[in-house]
Amino acid sequence: MEKPQIDNIMADLAARPIIPLHGAAEALHVGDSDAPFVDIGDGTLIQLLMVDLAQNIWITRNRMQPGTSVIKHYHTGSVYAFTLQGAWYYEEYPDTVNRAGSFLFEPAGSSHKLTVPADQEGETIVWFMINGTNINVDEQGNVISIADAFNVLEGYRLLCEMQGSSSEAVVVMGEQT
């Protein structure tokens, strides 16, 4: 494309607003300690940051102690993980260790058991964005429970209430009031 054509295209784009400057949605913020960490009973503390009930998405920051092992589960949607501190791996793939600064993408249909090394010093902290439902299974593959945006939010609110904390800082999308 010749320079005059590019200049004409750029002038056309500049002449018409394509990004709304008025009435734009406000960004929502959850500070580091705005939402409490709650103990879910398996060596994991979870801070729920956001839930989108319409899309069945939830975002957490997890703190896991050395030796923690999360129940084997199957993902119906994709998962994104970013490790902030410590290390963890899937029992099925012990040579792929996630460490501070690691990013992991899990496609829908993945199944695994998350494990934190027992000999590690200090906790592991990971940010997760989970799309869809986790189907928790026993060693024979039998379904024993499910986790989705609805029951994660309900469980988090209950655990916050039990520990005398507020869950009000969680960004909740799609909730009927």
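What counts, and where the lines are drawn
Every chain is numbered on its own, with residues counted from 1 as its sequence reads. Under the rules for a predicted model, residues below a pLDDT of 70 receive no local features and side-chain atom pairs below 80 are neither given nor counted, while totals for whole chains, interfaces and linings still include all residues. Water and hydrogen atoms play no part in the side-chain values, which are based on all heavy atoms of the structure. Strands qualify as paired when DSSP identifies two bridges or more between them. Starting at the N terminus, helices and strands are each numbered in turn, a helix being any DSSP run of H or I of at least four residues and a strand any DSSP run of E of at least two. Each residue is placed in one exposure class: buried if its accessible area under a 1.4 Å probe, protein chains only, is under 20% of its type's maximum, exposed if it is over 50%, and partly exposed if it falls in between. Pairs of residues are marked as contacts when any of their non-hydrogen atoms sit within 4.5 Å. A carboxyl oxygen of Asp or Glu within 4 Å of a side-chain nitrogen of Lys or Arg is what we treat as a salt bridge. Each polar contact in these results corresponds to two N or O atoms within 3.5 Å; when the atoms are within protein, one needs to be able to donate a hydrogen and the other to accept it, and residues that are neighboring in sequence are counted only if both atoms are side-chain atoms. Patches here are clusters of residues that have more than 30% relative accessible area and form no salt bridge, with a 9 Å joining cutoff for like charges and a 5 Å cutoff for nonpolar side chains (Val, Leu, Ile, Met, Phe, Trp, Tyr). Using a 1.4 Å probe, accessible areas were evaluated by the Shrake-Rupley method; residue-level cover was limited to the displayed protein chains.

Next up on the list: the sheet that holds strand S6 (residues 87-90). Strand order in the open sheet made by the three strands is S7-S6-S10, with antiparallel pairing throughout. On the outer flanks of this sheet lie strand S7 (93-99) and strand S10 (114-115), each paired with one strand and no other.

It is worth spelling out the pairing of strand S3 (residues 57-64) at this point. Along S3, seven of the eight residues are buried, which leaves the element largely enclosed by surrounding structure. Linking strand S2 (residues 44-52) to S3, which pair antiparallel, is a turn of four residues; within it asparagine 56 sits at a positive phi near 55°. Where S3 lies against strand S11 (residues 124-131), eight bridges are found, and the strand directions are antiparallel. The partner of methionine 64 across the bridge, within S11, is threonine 124.

With respect to the helices and strands, the residue leucine 153 is situated in helix H2 (residues 149-162). Owing to a relative accessible area of 4%, leucine 153 belongs among the buried residues under this scheme. It is 7.8 Å that separates the C-alpha atoms of leucine 153 and leucine 48, two residues lying 105 residues apart in sequence. Discounting chain neighbours no more than four positions away, the residues touching leucine 153 are Leu48, Val51, Leu53, Val172 and Glu175.

Here we take up the pattern of salt bridges. Inspection of every chain in the model, using the stated rule, returns five salt bridges. A salt bridge links glutamate 92 to lysine 72, with the nearest nitrogen and oxygen atoms 3.8 Å apart. Within this pair, whereas glutamate 92 is found in the loop between S6 and S7, its partner lysine 72 is found in the loop between S3 and strand S4 (73-75), the two being separated by 20 residues in sequence. Across the salt bridge formed by glutamate 175 and arginine 157, the nearest N and O atoms sit 2.7 Å from each other. On the criterion of sequence distance, the pair formed by glutamate 175 in the segment after strand S14 (171-173) and arginine 157 in helix H2 is long-range, its members being 18 residues apart.

The subject of this paragraph is the environment of asparagine 56. Locating asparagine 56 in the fold gives a position in the loop between S2 and S3. Its relative accessible area of 18% is what places asparagine 56 among the buried residues. Between the C-alpha atoms of asparagine 56 and alanine 35, which are 21 residues apart in sequence, the distance is 20 Å. Apart from residues lying up to four places away in sequence, asparagine 56 is in contact with Ile130, Asn131, Gly132, Thr133, Asp148 and Ala149. A polar contact is formed between the side chain of asparagine 56 and the backbone nitrogen of alanine 149, at a distance of 2.8 Å.

There is a patch of nonpolar side chains on the surface, built from Phe82, Leu84, Phe103 and Phe105 and spanning about 400 Å² of accessible area. When contributions to the nonpolar patch are tallied by element, the ones reaching two or more residues are strand S5 (79-85) and strand S8 (103-106). Within the element layout of this structure, leucine 84 appears in strand S5.

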